[in-house]
Amino acid sequence: MALASLALTAVMSFRLQDRIEAVQSATDLRRHLMMIGTTLREAEAAQRMFVITGEEAHLAPLTGARQSMPGRWRSVQEAADRLPDFSPDLDPLQRESLDALVSLSSTAEVRRNEGREAGVQRVVLGKSYQILVGLHKKMEAVMEELDGRIEEQTRSLSR
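All values derive from a computational prediction rather than experimental measurement.

Quick look at the overall build of the protein now. Looking only at helices and strands, one finds five helices and zero strands in the protein. Ordering the α and β elements of the protein from the N terminus gives α-α-α-α-α. The C-alpha extent of the protein, read off along each of the three principal axes, is 80 × 25 × 20 Å. Out of the 159 residues in the protein, the part that is buried amounts to 33%. Taking as baseline every contact in the protein between residues at least 6 positions apart, the subset at least 24 positions apart corresponds to 79%. As displayed, the protein offers around 9,600 Å² of accessible surface, 55% of which is attributable to carbon and sulfur atoms. Within the protein, the 23 negative side-chain charges are centred at a point lying 1 Å from the centre of the 21 positive side-chain charges.

Shown next, in the form of structure tokens:
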């Protein structure tokens, strides 16, 4: 009887640990996605400031985003790989985020080469903005799914 009780306790402990790890992985993934969203918003704001002022120093967040984004997406994928049964395909989100950064950089180049009015006109057309809005909506959907997982696992842990 004591052996059976010990075995049951061990199994329950492993299940508890699995649930804790699932919550941690989902939370990590959500945090990484939020950081990507923040980085993209900062890059877009930097591009707009550069278009307005023409001061190269404003492009630092955009340049930093272009350099850091591949590593940020590797962290996202690593966190997603630790989540069992996680279904969203993150590759399109990664491609769209990189496309958005290229578009933001292109607008900065237009401003640099053709002047303020040309840069402003490109911002007004809103291609970069439209890419970012669509991307943020898709990322929010993934984060909502993660929130559901976290909530479900947390309820399970409390039981």
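With that out of the way, let us pick up empty space enclosed by the protein. One pass over the structure, following the stated rule, counts one cavity of 30 Å³ or more. In this structure, the largest cavity occupies an estimated 60 Å³ of space. Forming the walls of the largest cavity are Glu44, Gln47, Arg48, Ser103, Thr107, Arg122, Val123, Gly126, Lys127, Ser128 and Tyr129. Going through the elements one at a time, helix H1 (2-53), helix H3 (91-114), helix H4 (116-125) and helix H5 (127-158) are the ones with two or more residues in the lining of the largest cavity.

For the protein, the mean per-residue pLDDT works out to 88, and 91% of the residues sit at or above 70. Across the protein, H3 holds the top mean pLDDT of 96, while H1 sits lowest at 81. Low confidence marks residues 6-12, where pLDDT is under 50. Its contacts with residues over four positions away, or in another chain, come to zero contacts.

Opposite charge on two side chains permits them to pair, given that their charged atoms come into close proximity. Within this structure, the stated rule accounts for nine salt bridges. Two residues, arginine 30 and aspartate 147, come together in a salt bridge whose shortest N-O distance is 2.5 Å. In this pair, arginine 30 is assigned in helix H1 and aspartate 147 in helix H5, connecting sequence segments 117 residues apart. Here arginine 30 falls in the partly exposed class, since its relative accessible area comes to 21%.

With that settled, consider the environment of valine 124. Mapped onto the fold, valine 124 is located in helix H4. Since its relative accessible area comes to 59%, valine 124 is described here as exposed.

In this structure, histidine 32 sits in helix H1. Ignoring sequence-local partners within four residues, the contact set of histidine 32 consists of Ser75, Val76 and Ala79.

With that out of the way, let us pick up the packing of H3 against H5. Running from N to C, H3 and H5 cross one another at 155°; their axes reach a closest spacing of 9 Å. One way to sum up the angle between H3 and H5 is to call them roughly antiparallel. Taken as a pair, H3 and H5 cross one another with a handedness that is left-handed. In this structure, H3 contributes Leu93, Glu96, Ser97, Ala100, Ser103, Leu104 and Thr107 to the contact, and H5 contributes Lys127, Ser128, Ile131, Leu132, Leu135, Lys138, Met139 and Val142.

As a further point, take the side chain of threonine 39. Mapped onto the fold, threonine 39 is located in helix H1. Among the residues examined, threonine 39 registers a relative accessible area of 10% and is labelled buried. In contact with threonine 39, not counting residues within four places along its chain, are Ala65, Ser68, Met69 and Arg72.

What counts, and at which threshold
- The residue numbering used here restarts from 1 in each chain and proceeds along that chain's sequence as written.
- Local features in this predicted model are restricted to residues whose pLDDT is 70 or higher, and side-chain atom pairs enter the listing and the counts only when it is 80 or higher, whereas totals over whole chains, interfaces and linings include all residues.
- Each side-chain value is worked out from all heavy atoms of the structure, with water and hydrogens disregarded.
- By definition, any uninterrupted DSSP run of H or I lasting at least four residues is a helix, any uninterrupted run of E lasting at least two residues is a strand, and each is numbered from the N terminus.
- Relative accessibility decides the category of a residue: with a 1.4 Å probe and only protein chains considered, values under 20% of the type maximum give buried, values over 50% give exposed, and everything between is partly exposed.
- Any two residues whose heavy atoms approach within 4.5 Å at even a single point are treated as in contact.
- Areas reported as accessible are Shrake-Rupley estimates using a 1.4 Å probe. Residue values count occlusion only from the protein chains shown.
- Lys and Arg are tallied as positive, Asp and Glu as negative. Neither His nor the chain termini are counted.
- A single reference atom marks each charge: NZ on Lys, CZ on Arg, CG on Asp, CD on Glu.
- Cavities and pockets were defined on a 1 Å grid built over protein atoms only: a cavity is a set of grid points that admits a 1.4 Å probe from which the probe cannot escape, a pocket is an open set flanked by protein on both sides within 12 Å along at least five of seven lines, and lining residues are those with an atom within 4 Å of any such point.
- Grid points are joined across faces, edges and corners, and a volume is the space filled by probe spheres set on the points.
- Along the chain, pLDDT gives the predictor's confidence residue by residue, from 0 to 100.
- The rule for a salt bridge is simple: a side-chain nitrogen of Lys or Arg has to be within 4 Å of a carboxyl oxygen of Asp or Glu.
- Axis lines are fitted through C-alpha atoms, for helices just across the contact stretch, and the angle between N-to-C directions can take any value from 0 to 180 degrees.
- Our angle categories are set so that under 35 degrees counts as roughly parallel, over 145 as roughly antiparallel, 65 to 115 as roughly perpendicular, and the remainder as oblique.
- By the definition used in this description, the sense in which the near helix is turned from the far one sets the handedness, with an anticlockwise turn below a right angle giving left-handed and a clockwise turn giving right-handed.

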